[in-house]
Amino acid sequence: MTELLKANDISRAAELLRAGELVAFPTETVYGLGGDATNDRAVAAIFAAKERPKFNPLIVHLPDAEAARRIVSFDARADALAKKFWPGPLTLVLPRHADCSVSLLAGAGLDSLAVRVPAHPVARELLRAVGRPIAAPSANRSGRLSPTAAAHVMMELDGRIAAVLDAGPCAVGLESTVLDLTGAATMLRPGAITEEQLSAIIGPLAASGGAIRSPGMLAQHYAPALPLRLNATSARPGEALLGFGPAKDATLNLSPRSDLVEAASHLFAHLRALDLPQYSGIAVMPIPDTGIGAAINDRLRRGAAGR
Ligand code: TXA
Ligand code: MG
């Protein structure tokens, strides 16, 4: 039985995490599946609950940059980015300190670690209350859509985890931007913090692509059960139509007023709502590739890949 906790029950959630149990909690991006990152058994339980391949490392969540500095080494670029964008939807991949307390399994045995300071007030209060680094991948089963509401977490993980802390829907709706700073700055996953925003602080990024440096870049990911058809102008018979902008025959619309930030916040919830056996597939209208639109299109392409 998975306990559904109210947002004011942070002390219960913290107690469970300190005891090595798994608790899903809200962040501004998506719900995370939290476990004590310093506890090998808790970290192993995260991989088991998600059925996640063990080579795919987890993001470690901290209440502030000071706590992050205790486990990884910051250079001048990391300092500047943390100052500008934390707390917020940016994950930095940095070298682990030799005496880093985080389980090697959390980092999939790599000598780098992904760290992030979330902006959601409930997440920050929880992280402060636990007082330990918390490993938290998105709280979905591996390969599926990330959850942006507590009910989605229950659909994915009910009975597999101790509790879900419910604080309503997530504001951003897409996972954090992941930036690798172990060498030339490289975007591993686009998100709400855009390449333009990052390069304004640290200069141009290295071209991504080529070798897969982050297992999260594997093509098929974020997938509904139904096939996705992208850049559709209308639905074919049997398909649901996911609209963007004015579209009178859309089954659901990401943003009738063509607002990309609003569209991002609805993406996973709308895909989940349309992922029904009554449809043969989901046709998605074109989304401009500017700003957070690049991250939306990244998730849609991955969701559509390999079918
Ligand atoms: O918004 C988010 O980032 C959410 C919330 C819960 O914070 N978390 C999340 O975690 O999306 P997850 O595990 O679903 O995605 C983590 C991504 C994966 O693509 C993983 O491969 C990459 O970060 N990653 C983690 N550690 C890494 C490392 N040391 N080197 C390269 N990539 C890493
Ligand atoms: Mg994920």
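Quick caveat, the model's predicted, so the values are computed rather than measured. (Residues numbered from 1 in each chain as written. Chains lettered and ligands numbered in written order. Predicted model: local features only at pLDDT ≥ 70, side-chain atom pairs only at ≥ 80, totals over all residues. Heavy atoms only, no water.)

Asks: If you had to explain the overall build of the protein to someone new, which residues and values would you point to?
Replies: Along the protein, the regular secondary structure elements total 9 helices and 14 strands. Computed over its C-alpha atoms, the radius of gyration of the protein comes to 19 Å, within 12% of the 19 Å expected for a compact globule of 307 residues. By principal-axis analysis of the C-alpha atoms, the protein measures approximately 60 × 50 × 30 Å. A burial count over the protein gives 55% of its 307 residues as buried. In the structure as shown, the protein presents an accessible area of about 12,600 Å², 54% of it carried by carbon and sulfur atoms. Between the mean site of the 31 positive side-chain charges and the mean site of the 29 negative ones, the protein shows a separation of 2 Å. (Helix = DSSP H or I, 4+ residues; strand = E, 2+ residues; numbered from the N terminus. Rg over C-alpha atoms; globule rule 2.2 N^0.38 Å. Buried < 20%, exposed > 50% of the residue type's maximum accessible area, 1.4 Å probe, protein only. Areas by Shrake-Rupley, 256 points an atom, 1.4 Å probe, with all protein chains shown as cover. Lys, Arg positive; Asp, Glu negative; His and termini not counted. Charge placed at Lys NZ, Arg CZ, Asp CG, Glu CD.)

Asks: Break down the environment of E239 for me, with residues and values.
Replies: Positionally, E239 belongs in strand β12 (residues 239–243). Between the C-alpha atom of E239 and that of P147, which follows or precedes it by 92 residues, the distance is 23 Å. A polar side-chain atom of E239 sits 2.8 Å from a polar atom in the side chain of R229. Within the structure, the side chain of E239 is placed 2.9 Å from the backbone nitrogen of R236, a separation counted as a polar contact. (Polar contact = N/O pair within 3.5 Å; in protein donor to acceptor, adjacent residues only side chain to side chain.)

Asks: Tell me about the packing of helix α4 (residues 76–85) against helix α7 (residues 195–202), and name the residues and values.
Replies: In the contact formed by α4 and α7, the axes pass within 9 Å of each other and the chain directions differ by 125°. Looking at the two axes, α4 sits oblique to α7. As for how α4 packs across α7, the hand of that crossing is right-handed. Across from R77, A80, L81, K84 and F85 in α4, the residues of α7 making contact are Q197, L198, I201 and I202. (Axes fitted to C-alpha atoms, helices over the stretch in contact; angles between N-to-C directions. Parallel < 35°, antiparallel > 145°, perpendicular 65-115°, else oblique. Left-handed = near helix turned anticlockwise from the far one by under 90°. Contact = heavy atoms within 4.5 Å.)

Asks: Help me get a handle on the pattern of salt bridges, residues and values and all.
Replies: Tallied over the entire structure, the rule returns 16 salt bridges. For the salt bridge of E239 with R229, the shortest nitrogen-to-oxygen distance reads 2.8 Å. Pair noted here: E239 is in strand β12 and R229 is in strand β11 (residues 228–229), with a separation of 10 residues, a long-range link. Overall, E239 belongs to the buried group, its relative accessible area being 15%. With its nearest N and O atoms 2.7 Å apart, the salt bridge here joins R299 to D298. Each member of the pair R299 and D298 is classed as buried. (Salt bridge = Lys/Arg side-chain N within 4 Å of Asp/Glu carboxyl O.)

Asks: Let's hear about the domain arrangement of the protein: which residues, and what values?
Replies: Segmenting the protein into domains produces domain 1 (3–202) and domain 2 (228–304). Between the C-alpha centres of domain 1 and domain 2 there is a distance of 27 Å. Counting residues at the interface gives 20 residues for domain 1 and 15 residues for domain 2. Counting each side, the surface lost to burial between domain 1 and domain 2 is near 1,400 Å², with a carbon and sulfur contribution of 61%. Considering only the side of domain 1, the residues that lose the most area to domain 2 are L145, L174 and P190, jointly responsible for 42% of the buried surface there. Inspection of the domain 1/domain 2 interface yields 3 salt bridges. With a shortest N-O distance of 3.7 Å, R144 and D275 are connected by a salt bridge. Taken together, the connections running from domain 1 to domain 2 amount to 5 residue pairs in polar contact (both at pLDDT 80 or more). A per-element tally of the side of domain 1 that touches domain 2 places helix α6 (residues 150–157) first, with 3 residues. For the side of domain 1 that touches domain 2, a count of residues per class yields 9 nonpolar, 7 polar and 4 charged. (Domains from an automatic or database assignment. Buried area = accessible area lost by both parts, 1.4 Å probe. Nonpolar A, V, L, I, M, F, W, Y, C, P; charged D, E, K, R; others polar.)

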